[in-house]
Amino acid sequence: GDYTEGYTMLGHDLAPSFLYYAGNRVRLQVGAHLKKYSGEQDFSEIKPIISLHSRLAPHLDMIIGTLRGTVHHGILEPILDPEKLYASPLENGLQFIYNSRQWHADTWINWEQFIRHGDNKPEKFTFGLSSTYHLLRDSAHWQISIPVQLLAAHTGGQISNFDEPMQSLANAAIGFEFSRKPVASRIDEIKWTVS
């Protein structure tokens, strides 16, 4: 790929928010994400945080608005660039999270750029799936799992006047994960992953 000049991203992110719980199944979050790089006088970025988190079933959650994203998806580093946590930490769209003893799945769509008819910019969105199915979880602290991950990015749009052709790219991974939690040890977990 292209050579990248060196750069330093020292700074901080702040995300002050208000949380409102409507019972034990609905949470509303309203706030702002503030980014400031060291050495700059003003904030580099100020974006709203608006999120509705709803428990649809005992193991299924839905999030609309600002998502539980970036590193929380658990996507492998070659598929989802870890620098995204610093460069663009907010994801907005729709997310479903299923979490049971046997299976964990996180699927989402992150709408990155909205377009209107005649715009000269492309629409952009990313779809992702991060899933782990546990084949074995026994009392001897062994665990065998099958992780499945997919990340697809789309750039284009039929209603814009963007000159470049529409493009959809996808990366996927599947593998096996073996882990053991040693008994009476300072080590929490030993894990081997093959993808």
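Quick summary incoming for the structure in this document. (Residues numbered from 1 in each chain as written. Predicted model: local features only at pLDDT ≥ 70, side-chain atom pairs only at ≥ 80, totals over all residues. Heavy atoms only, no water.)

1. Describing the nonpolar core
Across soluble globular proteins, nonpolar side chains show a tendency to be buried alongside one another.
And step 1. Counting nine residues, the largest nonpolar core is built from Ile63, Leu67, Ile75, Ile79, Leu80, Ile97, Trp108, Leu151 and Ala173.
And step 2. Ignoring anything within four residues of it in the chain, the contact list for Leu80 reads Thr70, Ile75 and Leu151. (Core = buried A, V, L, I, M, F, W, Y, C linked by side-chain atoms within 4.5 Å. Buried < 20%, exposed > 50% of the residue type's maximum accessible area, 1.4 Å probe, protein only. Contact = heavy atoms within 4.5 Å.)

2. Considering the pattern of salt bridges
And step 1. According to the stated counting rule, one finds two salt bridges in the structure shown.
And step 2. Of the charged contacts, one joins Arg55 and Asp61 as a salt bridge, the two residues approaching to 2.5 Å between their closest N and O atoms.
And step 3. Residue class for Asp61 comes out buried when judged on its relative accessible area of 11%.
And step 4. Two residues, Glu177 and Lys191, come together in a salt bridge whose shortest N-O distance is 3.8 Å. With Glu177 in strand 11 (residues 176-180) and Lys191 in strand 12 (residues 190-194), this residue pair connects regions lying 14 residues apart in the sequence.
And step 5. For Glu177, a relative accessible area of 16% translates into the label buried. (Salt bridge = Lys/Arg side-chain N within 4 Å of Asp/Glu carboxyl O. Helix = DSSP H or I, 4+ residues; strand = E, 2+ residues; numbered from the N terminus.)

3. Here's the deal with unusual backbone geometry
And step 1. Of note, the phi angle at Thr70 is positive, near 45°, even though the residue is not glycine.
And step 2. On the accessibility criterion, Thr70 (7% relative accessible area) is buried.

4. What about the environment of Ile46?
And step 1. Within the secondary structure layout, Ile46 lies in strand 4 (residues 45-57).
And step 2. A relative accessible area of 58% places Ile46 in the exposed class.
And step 3. Taking the C-alpha atoms as reference, Ile46 lies 6.7 Å from Ala32; in sequence the two are 14 residues apart.
And step 4. Among all residues touching Ile46, those that are not within four sequence positions of it are His33 and Leu34.

5. What about the side chain of Asp106?
And step 1. Looking at the element boundaries, Asp106 is found in strand 7 (residues 103-113).
And step 2. Side-chain polar atoms of Asp106 contact the side chain of His73, separated by 2.8 Å.
And step 3. Leaving out residues up to four positions away in the same chain, Asp106 has contacts with His72, His73, Gln95, Phe96, Ile97, Gly128, Leu129 and Ser130. (Polar contact = N/O pair within 3.5 Å; in protein donor to acceptor, adjacent residues only side chain to side chain.)

6. What to know about the environment of Asp163
And step 1. Inspection of the secondary structure assignment puts Asp163 in the loop between strand 9 (142-156) and strand 10 (167-174).
And step 2. By relative accessible area, which is 74% here, Asp163 ends up exposed.
And step 3. Distance from Asp163 to Pro122, taken between C-alpha atoms, is 8.9 Å for residues 41 residues apart in sequence.

7. Side note on the packing of aromatic side chains
And step 1. Taken as a whole, this structure holds three aromatic pairs when the rule is applied.
And step 2. Aromatic pair Tyr98 and Trp103: ring centres 5.0 Å apart, planes at 40°, arrangement tilted.
And step 3. A ring pair is formed by Phe176 and Phe178, whose centres lie 6.5 Å apart and whose planes are at 20°; its orientation type is stacked.
And step 4. For Phe176, a relative accessible area of 42% translates into the label partly exposed.
And step 5. Here Phe178 falls in the partly exposed class, since its relative accessible area comes to 32%. (Phe/Tyr/Trp six-rings, centres within 6.5 Å; stacked < 30°, edge-to-face > 60°.)

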